[in-house]
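# Breakdown of the fold
Each chain, written out:
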There are 2 protein chains.
Amino acid sequence: MGTILVLGAGRSSASLIQYLLDNAPEYKWNVVVGDLSESAARERIGGSPFARFVSFDINNAEESSKTIRDADVVISLLPAILHPQVGKLCLTMGKHLLNASYISDEMKTFHDEAQRRGLLFLNECGLDPGIDHMSAMQIIDRIKKEGGSIRSFESFTGGLIAPETDPQNPWRYKFTWNPRNVVTAGQTTAKYLQNGQLKYIPYQQLFQRLTPVEVSGYGRYEGYANRDSLRYISTYGLNNIKTMLRGTLRNEGFCSAWNVFVQLGCCDDTYQMDDVSKMTHSSFIECFLQDHAAVRSVREKLAIALHLNPNGGEMKKLAWSGLLDDEPVGLQGGTPAQILEHILSKKWKLQEQDRDLVVMWHRFYYQLNGTLRQIQASLVAKGENATFTAMAKTVGLPLAIAAKLLITGQLTLRGVQVPIAPEIYAPVLSELKSKGIELIQRDVE
Amino acid sequence: MGTILVLGAGRSSASLIQYLLDNAPEYKWNVVVGDLSESAARERIGGSPFARFVSFDINNAEESSKTIRDADVVISLLPAILHPQVGKLCLTMGKHLLNASYISDEMKTFHDEAQRRGLLFLNECGLDPGIDHMSAMQIIDRIKKEGGSIRSFESFTGGLIAPETDPQNPWRYKFTWNPRNVVTAGQTTAKYLQNGQLKYIPYQQLFQRLTPVEVSGYGRYEGYANRDSLRYISTYGLNNIKTMLRGTLRNEGFCSAWNVFVQLGCCDDTYQMDDVSKMTHSSFIECFLQDHAAVRSVREKLAIALHLNPNGGEMKKLAWSGLLDDEPVGLQGGTPAQILEHILSKKWKLQEQDRDLVVMWHRFYYQLNGTLRQIQASLVAKGENATFTAMAKTVGLPLAIAAKLLITGQLTLRGVQVPIAPEIYAPVLSELKSKGIELIQRDVE
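Description of the structure in this document. (Residues numbered from 1 in each chain as written. Chains lettered and ligands numbered in written order. Predicted model: local features only at pLDDT ≥ 70, side-chain atom pairs only at ≥ 80, totals over all residues. Heavy atoms only, no water.)

Along its length, chain A carries 17 helices and 16 strands. Its C-alpha atoms give chain A a radius of gyration of 23 Å, within 12% of the compact-globule value 22 Å for 445 residues. A principal-axis box enclosing the C-alpha atoms of chain A has dimensions of 75 × 60 × 40 Å. Classification of the 445 residues of chain A by burial places 60% in the buried group. Long-range pairs, those at least 24 residues apart, make up 69% of the contacts in chain A with a sequence separation of at least 6. As displayed, chain A offers around 18100 Å² of accessible surface, 47% of which is attributable to carbon and sulfur atoms. Side-chain charges in chain A split into 47 positive and 47 negative, and the spacing between the mean points of these groups amounts to 4 Å. (Helix = DSSP H or I, 4+ residues; strand = E, 2+ residues; numbered from the N terminus. Rg over C-alpha atoms; globule rule 2.2 N^0.38 Å. Buried < 20%, exposed > 50% of the residue type's maximum accessible area, 1.4 Å probe, protein only. Contact = heavy atoms within 4.5 Å. Areas by Shrake-Rupley, 256 points an atom, 1.4 Å probe, with all protein chains shown as cover. Lys, Arg positive; Asp, Glu negative; His and termini not counted. Charge placed at Lys NZ, Arg CZ, Asp CG, Glu CD.)

Residue and element names in this part refer to chain A. Among the residues of helix α3 (residues 61-69), those classed as buried are S64, S65, T67 and I68. The buried residues of α3 occupy an angular sector of 165° when the element is viewed end-on, so they sit on one face. Relative to its buried face, α3 has exposed residues pointing more than 90 degrees away, namely E62 and K66. The secondary structure elements touched by the buried residues of α3 are β1 (2-7), β3 (51-55), β4 (73-76) and α4 (83-93). (Arc of directions from axis to C-beta.)

Taken as rigid bodies, chain B and chain A are interconverted by a rotation of 180° and an axial shift of 0.0 Å, the fit giving an RMSD of 0.0 Å. What we have between these two chains is a two-fold relation. Of the C-alpha atoms belonging to chain B, the one lying closest to the rotation axis is found on Q204 of chain B, 3.2 Å away. (Least-squares fit on C-alpha atoms with pLDDT ≥ 70 in both.)

Here we come to the sheet that holds strand β15 (residues 415-417) of chain A. Working definition: the strands of a sheet are paired by backbone hydrogen bonds and lie parallel or antiparallel to each other. All names here are of chain A. Within the open sheet, the 7 strands sit side by side as β3-β2-β1-β4-β5-β6-β15. Their pairing is parallel. Pairing within the sheet leaves two strands with one partner each, and these edge strands are β3 and β15. With direction set aside, neighbouring strand axes in the sheet form an average angle of 20°. As defined by bridge partners, β1 adjoins β4 across 4 bridges and the pair is classed as parallel. Within the sheet, the bridge partner assigned to L5 lies in β4 and is V74. (Pairing = 2+ DSSP bridges. Axes fitted to C-alpha atoms, helices over the stretch in contact; angles between N-to-C directions.)

Turning our eyes to something else, we now look at helix α15 (residues 336-348) of chain A. All names here are of chain A. An ideal rise of 1.5 Å per residue puts 18 Å on 13 residues; α15 measures up with 17 Å between its terminal C-alpha atoms. Regarding α15, the residues found buried are P336, A337, I339, L340, I343, L344 and W348. End-on, the buried residues of α15 take up no more than an arc of 165°, which puts them together on one face. (Expected span 1.5 Å × (residues − 1).)

Next up on the list: the pattern of salt bridges. All names here are of chain B. Throughout the structure, instances matching the rule amount to 46 salt bridges over all chains. Between D128 and R246 there is a salt bridge, with its nearest N and O atoms 3.7 Å apart. Taken together, the residues span a long stretch of sequence, with D128 in the loop between β6 (120-122) and α7 (131-145) and R246 in strand β12 (residues 243-251) at a distance of 118 residues. Residue class for R246 comes out buried when judged on its relative accessible area of 6%. (Salt bridge = Lys/Arg side-chain N within 4 Å of Asp/Glu carboxyl O.)

So yeah, pure geometry; function would need other evidence.
What follows is the structure, given as structure tokens:
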């Protein structure tokens, strides 16, 4: 029994809502899907008699309050920046809140009040952050129980494309997630711990400071650092750790090509470019390149500017994306980042027949009985189709399962939380495993 | 007859105030120096009977109004960001305003009202912007009068040190101007015109996209682009121009070494670093470098990270600045930019015996009678001592001379202006020349 309100019917909601609808008859749930767009919500709900649409606009305080008042649990897929606002309403109305966004400082301030009112505000419960926390904590708790002491933890996750998808695409990448966030990723300085020393990586170095990753049976990847890895040292209880690094995973060769955009300034989202309506793909790139007498082609100018092989992997990827072509951009204005996103979308938009691939990889070094040991764990999840993508499954199912645990009384944790307690991670990982989403662990000699 | 109010008695005010005091007896001026610091103002005023100090705090609206009401002309050396506020007060009180800052959008909105009230708000009337505008316009007007058509204009200015100052200093540079601005220079994307195409240079490319400059009798320099060069195309009336680039001048070799700081992220002013109290110069640099097994020295790590010659010019400059040493930084906290400024100041602070050097260089290409011609113009000004620096002279004297022209009725221009009209530039440049501050022009074959 209970009413579950899902806020946001966008592309990450498909598996979440499907899970709720599948389980609604057994648990007698009412599923309410709130979105600005009725058609998006109706597509998710289909003909289910257990679900209904509600028009939801967080900026309409009165209607939002009413919608939240009628729910027992709120699952929000709204943009991260809106979560403090949703949190406030849930606090006022006395409702649980689950979401997959990074916990904000404002959200943290709700902890005491949520606890006092017997509410769970569970954050970072999707893929990354989410499954990464849960799977890491499961391993950490086991190693500690065995008497081991963890010295190093590195973790990378990426939303990629399946090997059979778009085999000509040399990037091995398409937009399986918010394209804007992909284009502007990494612009705040990353911070991590290496051999006991605090390290900072500015944007201009980020795509050159890579960790090589191999997942047996799948291939070679590379990871770049993401935000502040240090905040998870205390969250994970790893106070004696010497190396702690979290980041994003891409196929081998992606980062050195993406670095071309970073170095040229193509990912800048802070100013509007001039004369965009007259721009072609190649003239967009030329805006960031110095002219040289007797050098005519963009390819040559680019090779000179960034010391690239004119026929190397970076140039091949740029050429495949049409960036050396005279094709009109097709926008009337925009920042460099908006224009780059628009150009890349022409080839990187996920098509109906495409399958995405989520890859997660952890590496631990730990001291046990006087020897240093290594353990690696990896998860590979493939999308079923363009709706039930690997991204939708791995982001949505942890939230859906957590909601089920909460509503059926199996989750007693309260306050503002992230999913690091066995009470959450054990049942969630177990049910994910039954759906084929599982980290494979191996000891490395 | 008249009262001239000088706001700000900092290091750029020495020559300005001296000029006003020198001329006060002849013109019967009262010179009022307003500053937060009485001692700074008293140092400038000395024992002159024509000058007095007034305590001035722009945030104290009542007192500021009163001080400005008593003046005829206000010369402001306050930080650029305060000039709209000063402008508003001058507008209300009906006073002329002269300053050396880049004209802001808000300042521009005062134009009609200033004109209506018969006031001159003259901006960008220092060195750069200032003498660069005036000297360029003198050449532009002459070429146009001869029937020439200007195709290209490049202009670079820098505040450097004299050849005999600190001969061991491989940077050939010290802080002769606001150190904070030096450390954070260039962080907004530069924009210029090259061969008819709009070009953008992001920060990470800025110190690699250099224009070589030679000033005969002085040596070799290099220029990097500065802000938006395009805004001066219409200001200068150069509507058919194909190349337009303004920038900052440094001694040859400076930029590739400074680029090390840029690439590492040492000039970032957006976040506070951790554990600053325990930092040494070299551990500050190590924060931005990846650890490698078996590589121990900062020098080696740095060489690997940025593909530098371990004994090359960049490394020599960094080593001279003490950045590879274990010396404690000596700060309790700070952003990377603040820490870098603090470390560099230990060697780059201008000493009593040091002489600074201002170098300005213009290059024009123009079409005349069917042939493309080139003209170069350069100015070199040397400081007299640590007070009457070249910077203080070249920033302050144009303002002082403009004030004299205005107060003696020789300047009839009104409204919000920059110094591009012959009425201003001819007498200012002429008087500067009499003081040894002059651009030498030469036709280049």
